[in-house]
Amino acid sequence: MARVTVIGAGLSGLTAALYATTAGHHVVILDRGEHLGGRGTSESLGGIPFGFGPHLLQSNGPLAKVTKKVSRLKMVLGTLRMDRLHVTGVGPLRPRGNVKQASILRRILKANDRTHPAVSGAHLLSDMGASDAPASRFQALQKGKLCVVGEGWSGVVGRMASALDEVGVLIEAGCDVVSIENGTVHLADKRKLETDVIIVACGWKRAKKLLSPHWSEDEPNLQPMLASTVDAALTSRPLSQRHGIIDEESGIVILDYANIQPRMKLEGAFLSSVAFEREGESHEDRLQRLNEALDHHAPGWRQHLINERQQRTITIQTIGEKPAYDALCDKGILLAGEWVASNHALGDAAAQTGKDAGQHVPSALD
């Protein structure tokens, strides 16, 4: 049995702790914040789980599997339907009542020709703006396996935290880790924690500072992909029955969770939208671009507003040559997070790399 310290209580850190505990190791989780979940968080406003823009997962992917593994209750998922996803200049990705056009679009999507607006629009949605995303999400969209989490990310995080609490894993919030070296975790409050294996499962910005002294070769060159988001609960349904609108030319995605997830039982709409960064564009201009797109594609939405959350700048994901989860295992360090190499992306990548790190603790032992 090894002493394992997990830095970060987001989706990757909680997953790593679950698998390391299952393997019989003694696990402690340290998180700088006061709330669990990292970027995978949501807040209930009027009974509606507000997050930070749309976040999709695969219904048969790593995050859904680990949640199912630790919880007796089934996840509340809503599947994106191709016939209700409209791409500007194309229409629905799988039109109903038009067999010929549906067949043409099916062939175009299968060929994955990104010069066609239907394909580039579908990728904008499935890949969340990344040009180097794994093919699994694009394929999942076409197979009806790309979903939204109707219960909110706090519900998913809560399931994991409850499972860890049941097996006695300590999760200590408000712990700011300033450095790691030779099996010792140094905290900002001058405390030191001796450990056998360290799993760095915080975001890349923070992980970069902790890991900089430990790279034997060149440090990974990862860059954040930034975006602006608007989430709004409305008394009306400006998208009608559509699941979403993808404006590929403008770099905008607008989804209506109320249409995608009927079990939310909303009389109006819950719009979750995102505008991806453009070179040379300010944060303010990007958010304004998103609001203008909402005015165009969801006319009148402001007049029917119940609650709203606008985020000028968030990091959607990281891009670049990502390190493997065991890239520093010879230093007693394993890596987990969306910024670690995986066949998945976003929340599914966090869960997959968390699982990899948690299951392979012995590889990092001296």
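Relevant structure appears above.
Anyway, here's the lowdown on the structure attached to this text.

About the cut-offs
Residues numbered from 1 in each chain as written. Predicted model: local features only at pLDDT ≥ 70, side-chain atom pairs only at ≥ 80, totals over all residues. Heavy atoms only, no water. Phe/Tyr/Trp six-rings, centres within 6.5 Å; stacked < 30°, edge-to-face > 60°. Helix = DSSP H or I, 4+ residues; strand = E, 2+ residues; numbered from the N terminus. Buried < 20%, exposed > 50% of the residue type's maximum accessible area, 1.4 Å probe, protein only. Salt bridge = Lys/Arg side-chain N within 4 Å of Asp/Glu carboxyl O. Contact = heavy atoms within 4.5 Å.

1. Thoughts on the packing of aromatic side chains
Piece 1. Scanning the entire structure with this criterion turns up 3 aromatic pairs.
Piece 2. Ring centres 5.2 Å apart and planes at 45 degrees place the aromatic pair Trp-204 and Trp-339 in the tilted group. Taken together, the residues span a long stretch of sequence, with Trp-204 in helix H7 (residues 204–211) and Trp-339 in the loop between strand S20 (333–335) and helix H10 (346–359) at a distance of 135 residues.
Piece 3. Pairing Tyr-257 with Phe-270 gives two aromatic rings, centres 5.5 Å apart and planes at 70 degrees, and the pair type is edge-to-face. With Tyr-257 in helix H8 (residues 257–260) and Phe-270 in strand S18 (residues 270–276), the pair connects residues that are 13 residues apart, well separated along the chain.
Piece 4. Overall, Phe-270 belongs to the buried group, its relative accessible area being 1%.
Piece 5. An aromatic cluster is defined as three or more aromatic residues linked by ring pairs; in this entry it consists of Phe-50, Tyr-257 and Phe-270.

2. Topic: the pattern of salt bridges
Piece 1. Counted by the stated rule, this structure contains 12 salt bridges.
Piece 2. Measuring nitrogen to oxygen at the nearest pair gives 3.1 Å for the salt bridge that ties Glu-338 to Lys-322. One end of the pair, Glu-338, is in the loop between S20 and H10; the other, Lys-322, is in the loop between strand S19 (305–320) and S20, with 16 residues separating them in the sequence.
Piece 3. Each of the salt bridges in this network shares a partner with another, and the network as a whole consists of Arg-81, Asp-83 and Arg-96.

3. Quick notes on the environment of Ile-198
Piece 1. Summarising the element assignment, Ile-198 is placed in strand S14 (residues 197–200).
Piece 2. Residue classification places Ile-198 among the buried residues on the basis of a relative accessible area of 3%.
Piece 3. The spacing of Ile-198 and Val-361 is 163 residues in sequence and 8.9 Å in space, taken between C-alpha atoms.
Piece 4. Beyond its immediate stretch of four places on either side in the chain, Ile-198 contacts Thr-5, Ile-7, Ile-180, Thr-184, Val-185, Gly-332, Ile-333 and Leu-334.

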